[in-house]
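Topology and contacts: notes
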Amino acid sequence: MRLKDISIEKKLSAGFVFSIILMIMFSFFLYRSKVLVHQHIRNVNTVAELRIQVKSLLIALNRLEIDRKRYLLANGRVDSLDYKNNVSQFSAEFNKFRKFIKRADIHNRYIDSVEVNTLNELSKFKCHYHLSFDLQKDLSEILKTEENRFDKISNYLHLIDDEYEHKSQKDFEEYMEKSIEGNIHILLLLMSSVIITVLYFSAMMRDVKKKKNLAQELEQSRNDLYTIIDTVPALVFVKDKKKKFALVNKYFLDFFNTTQEKILHKGSSDLVKNQDQWITDEEDEAIITNKIPINNIEREIQRKDGKSSWLAVNKAPLFNNNGEVSGLVGVMNDITKVVEFQNSLIEARKELEELNKQKNKFFSIIAHDLRGPFSGLLGVAEYLASDFDTLSATEKNEILCEINFTIKNLWELVNNLLAWSRIQFERVIFSPDFFYLEPVVSSVFKALSISSDNKKIALKADFLQDLKVYADINMIETVIRNLVNNAIKYTNPGGCVTVSANECEKGIQLSIADNGIGMSKEMSDNLFRMDVKVSRTGTANEKGTGLGLLICEEFVRKHRSTITVKSEVDKGTTMSFMLSNPEH
C-alpha cells in the first residue's frame, strides 16, 4: 500500500505514535546522559571528599609529629597532655576517614595499608601511653622510639592523595567529555526529531491541502448536483430513516407551493391530505424495511390546497458505507396533463363510437325507413297511373289518402333527418330568449290536428296563457311537436294528449302526457340509446324511427336539462323536462 493511499486519519495516528516514540527516545538518551554525568559528578565529589579527608588526616598527623618533636626538644618540660590530645584528634580524624571509606565503599592498597598500619600504631601508642602515663622520662623514651612510627602512614597518605588527584582530574575530564558527548547526542536527536517532524508534517500539509482541494471539488460537485437536480422537471426528494425530508429540489417546492424552511426535517403531513399521507408513509416504510424499490406507481393525490394531481412515483432505498439503509430517494413526475389527455382520448373514443352508432343509425334510416315509404309510394303511383280509368271514385280517393299519408310521414322523416344532421355538424345555433309558451303549443296542435282528428284524440294545454319561458323557441317547438306526435301515435282512438307547464323554484317543468298504450321499464330505459332499436308501430300502424326522440334529447340537453320518462303499460306515458330561469 502506498503512502498516498493511506487515509489522513491513519497518517495522523501514525504521526502521533511516531512523536511518542521520538519523545521516549529523547527522554531515554537524556536520562542516560544525565545518569552518566551524575555518576561522574559523584565520582568527582567522592574523590574530592577523599582528598579532603586525607588532607585532614595529614594535618592531624603533622600536628602530632610537631608536638612529638617539640616535646623531645623541651626535654619533657611541656605537658604531655597536649600530645595526648593531638593523638586523640588524629584518632578522631582517622575514624572519620574510616567511616567515609566504608560509606563510599572505596578500596585501594594504599588505603588498606594506611588503615592497617594506623590501627596498629594507634594501638601500640595507647598501650605505651597507658603504661607510662605518669612517668615523664618513660614518655620521652617512648616518643624517641616513635620517631618513624607515623612516617609510613604519612607516605601512604601522600601516595593516596597523589593517586586520587590524578583520578580526580581524570574523572573531571571524563565528566566534561561525557557532558559534551551527551549534549551532542541530545542535540543530534533533537535536530533529527525536528527534521523528521518537519518532513512528516510537510507531507501532512500536502495531504491537508489535497483534502482541502478535494473538499472544494466536492462542494463544487455538490453545488453542480443541486443545480442539476433543480433543473430536472420532476419532483426529486431524499428522506432519512425517520421518513423526514432531507433534500428537495426547486420543482418539488414549486409544485407543493412551499419553501425549504417549511419542508426540511418534516414529513408529508404538510403537503397532502391524511389519506395520501398514510399511503405515502406505508410505502416509505416498506421501502426502508424491505430494501426494495418501487417504479412507476401512478397515484392521484390531494394536496393541502385542495388541488388534485396525478403523479408517477419512483422510489429506491439509500445505503450507507456499511450497507445499511440510511433513507430513500424518490423521483415523481407530474402526469396530470397526461392523465387528462388520456381521459380526453377515452371521451373522444366514446364520442367517436357514439358518432359511429349515429352514423349507422342515420344510414339505416336512409336505407330502410326512407327507402321503404318511397318504394310503397312508387308502387301506388304506378297502380294509379296504369289503372286510373278503371278505378272507381272511392278507390281513387283511398289511393290518394294513402299517398297523402305516406308523403306526410316522409316529410316528417326528412325534417327529422335534416334537424339531426344539423345537430351532428353543430350547425344549430342555440339562441335562448323569453317567449310566451301558448302560441308555440297552439302551432304544434294545429300542425298535428289532422293526425289527432283522424284518431279522434283530444289535444289539451294545461297552463296559463300568459306564461313565459326562457329557451330557444325553435328547439322547444321541435321538442314539443315530436313528443306530442309520439303521444298521438301511441294513443288509442278517443284518447287524450295533454301539454302542461308547472312553475317551480328552478324554473318551469314542461310535461307531455297521454293515456295510450304505455311501455315497459326496459323499453323506457332504452328510448334514447342509439345502439338499441325501440321503435314500434303506433295504434294505427304508424311507423317510427326513434330519431325524433334523439333530436328531442339533444335539444333538451342544450337547455342543460334531461327528459324523464314515466310510463306504465296500458296506462299511458308522461315525458317531462325542465326549462331553467336565466339566473340558474
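All right, on to the overall build of the protein chain then. The helix and strand tally for the protein chain stands at 15 helices and twelve strands. The buried share among the 584 residues of the protein chain stands at 36%. Relative to all contacts within the protein chain whose residues are 6 or more apart in sequence, the contacts with residues 24 or more apart total 66%. A total accessible area of about 36200 Å² is found for the protein chain, and carbon and sulfur atoms account for 56% of it.

Let us now look at the sheet that holds strand β11 (residues 564-568). Spatial strand order, β7-β9-β10-β12-β11: five strands in an open sheet with mixed pairing. The sheet terminates laterally at β7 (458-462) and β11, the two strands that pair on one side only. Each neighbouring strand pair of the sheet contributes to a mean axis angle of 15°, computed without reference to strand direction. With five bridges joining them, β7 and strand β9 (residues 496-503) adopt parallel strand pairing. Counted as the bridge partner of Ala 458 is Cys 496 from β9. Of the strands in this sheet, β7, β9, β10 (507-514) and β12 (572-580) touch helix α13 (residues 473-489), which is tilted by about 25° from β10.

Turning our eyes to something else, we now look at the packing of α13 against helix α15 (residues 547-558). Running from amino to carboxyl end, α13 crosses α15 at an angle of 145°, the nearest separation of the two axes being 9 Å. Every pair of crossing elements has a handedness; the one defined by α13 and α15 is left-handed. On the side of α13, the interface is formed by Met 475, Thr 478, Val 479, Asn 482, Leu 483 and Asn 486, while α15 contributes Gly 548, Leu 549, Ile 551, Cys 552, Phe 555, Val 556 and Lys 558. Residues of the contact of α13 with α15, tallied by class, amount to eight nonpolar, four polar and one charged.

Another point: the pairing of strand β4 (residues 308-319). Note: strand β3 (residues 294-302) against β4, seven bridges, orientation antiparallel. Paired with Glu 300 across the bridge in β4 is Trp 310. Taken together, β3 and the strand that follows it, β4, pair antiparallel across an intervening segment of five residues, in which Gly 306 is found at a positive phi of about 90°. Relative to strand β5 (residues 325-334), β4 is paired through nine bridges, and the arrangement is antiparallel. Looking across to β5, one finds that Pro 317 is bridged to Leu 328. Between β4 and β5, which pair antiparallel in sequence order, lie five residues; one of them, Gly 323, sits at a positive phi of approximately 80°.

Pairing between sheet strands relies on hydrogen bonds along the backbone, with the strands arranged either parallel or antiparallel. The five strands lie next to each other as β2-β1-β5-β4-β3, forming an open sheet whose pairing is antiparallel. Each edge of the open sheet is held by one strand with a lone partner, namely β2 (245-248) and β3. Here the strands of the sheet are splayed against their neighbours by 25° on average, with no regard to which way each runs. The strands touched by helix α8 (residues 274-290) within the sheet are β1 (235-240), β3, β4 and β5, with β3 carrying the most contacts at an inclination of about 160°.

With that settled, the discussion passes to the side chain of Lys 315. Residue placement: Lys 315 occurs in strand β4. One polar contact links Lys 315 to Glu 283, side chain to side chain, over a distance of 2.9 Å. Within the structure, Lys 315 has its side chain in polar contact with the side chain of Asp 284 (distance 2.7 Å).

So, on to α13. Spanning 17 residues, α13 covers 24 Å between terminal C-alpha atoms, matching the ideal 24 Å at 1.5 Å per step. Where burial is concerned, most of α13 is hidden: 13 out of the 17 residues are buried. For α13, the N-terminal cap is Asp 472; the gap from its side-chain oxygen to the backbone nitrogen of Asn 474 is 3.1 Å.

What follows concerns the confidence of the model for the protein chain. Chain-level statistics for the protein chain give a pLDDT mean of 77 and a share of 72% at 70 or above. Contacts for the low-pLDDT stretch residues 131-138, under 50 throughout, to residues beyond four places or in other chains number eight contacts.

On inspection of all chains with the given rule, the structure shows six aromatic pairs. We note Arg 303 situated over the ring of Phe 255; from NZ or CZ to the ring centre the distance is 4.5 Å.

Another aspect to go through is the nonpolar core. Residues Leu 437, Ile 480, Val 484 and Phe 577 are the most contacted members of the largest nonpolar core, which totals 40 residues. Those elements giving two or more residues to this core turn out to be α11 (437-447), β8 (468-471), α13, β9, β10, α15 and β12. It is α13 that contributes the most residues to this core, eight residues altogether. Within the second largest apolar cluster, 20 residues are counted, among which are Leu 235, Phe 237, Phe 255 and Ile 288.

This brings us to the pattern of salt bridges. This structure, assessed with the given rule, holds eleven salt bridges. Lys 239 is the partner of Asp 284 in a salt bridge, and the nearest nitrogen-oxygen pair spans 2.7 Å. Of this pair, Asp 284 sits in helix α8 while Lys 239 sits in strand β1, placing them 45 residues apart in sequence. With respect to class, Asp 284 is no different from Lys 239; both count as buried. Across the salt bridge formed by Lys 521 and Asp 525, the nearest N and O atoms sit 3.1 Å from each other. Here Asp 525 and Lys 521 lie together in helix α14 (residues 521-525), a separation of four residues that amounts to about one turn. A relative accessible area of 62% means that Lys 521 is categorised as exposed.

With that out of the way, let us pick up the packing of α11 against α13. The angle between the axes and the distance between the axes are what describe a pair of packed helices. One way to put it is that α11 packs onto α13 with a least axis distance of 10 Å and a crossing angle of 45°. Taken as axis vectors, α11 and α13 run oblique relative to one another. Crossing handedness for the pair α11 and α13: right-handed. Here Leu 437, Val 440, Val 441, Ser 443, Val 444 and Phe 445 of α11 come into contact with α13, specifically with Ile 473, Glu 477, Ile 480, Arg 481 and Val 484. Looking at the contact of α11 with α13, its residues break down into eight nonpolar, one polar and two charged.

What follows concerns unusual backbone geometry. One non-glycine residue, His 265, lies in the positive phi region at around 65°. His 265 sits in the exposed class, given a relative accessible area of 63%.

Moving on, we get to the side chain of Thr 258. Mapping Thr 258 onto the fold places it in the loop between α6 (250-256) and α7 (260-263). Beyond its immediate chain neighbours, meaning those up to four positions away, Thr 258 contacts Leu 253, Ile 263 and Leu 271.

What follows concerns the environment of Ser 452. By the element assignment, Ser 452 lies in helix α12 (residues 449-454). By relative accessible area, which is 2% here, Ser 452 ends up buried. Counting along the chain gives 45 residues from Ser 452 to Val 497, while the straight-line C-alpha distance between them is 9.2 Å. Residues contacting Ser 452, with those up to four places away along its chain left out, are Ile 457, Leu 459 and Ile 488.

Conventions used here
- Residues numbered from 1 in each chain as written.
- Predicted model: local features only at pLDDT ≥ 70, side-chain atom pairs only at ≥ 80, totals over all residues.
- Heavy atoms only, no water.
- Helix = DSSP H or I, 4+ residues; strand = E, 2+ residues; numbered from the N terminus.
- Buried < 20%, exposed > 50% of the residue type's maximum accessible area, 1.4 Å probe, protein only.
- Contact = heavy atoms within 4.5 Å.
- Areas by Shrake-Rupley, 256 points an atom, 1.4 Å probe, with all protein chains shown as cover.
- Pairing = 2+ DSSP bridges.
- Axes fitted to C-alpha atoms, helices over the stretch in contact; angles between N-to-C directions.
- Left-handed = near helix turned anticlockwise from the far one by under 90°.
- Nonpolar A, V, L, I, M, F, W, Y, C, P; charged D, E, K, R; others polar.
- Polar contact = N/O pair within 3.5 Å; in protein donor to acceptor, adjacent residues only side chain to side chain.
- Expected span 1.5 Å × (residues − 1).
- pLDDT = per-residue confidence, 0-100.
- Phe/Tyr/Trp six-rings, centres within 6.5 Å; stacked < 30°, edge-to-face > 60°.
- Lys NZ or Arg CZ within 6 Å of the ring centre and 35° of its normal.
- Core = buried A, V, L, I, M, F, W, Y, C linked by side-chain atoms within 4.5 Å.
- Salt bridge = Lys/Arg side-chain N within 4 Å of Asp/Glu carboxyl O.
- Parallel < 35°, antiparallel > 145°, perpendicular 65-115°, else oblique.

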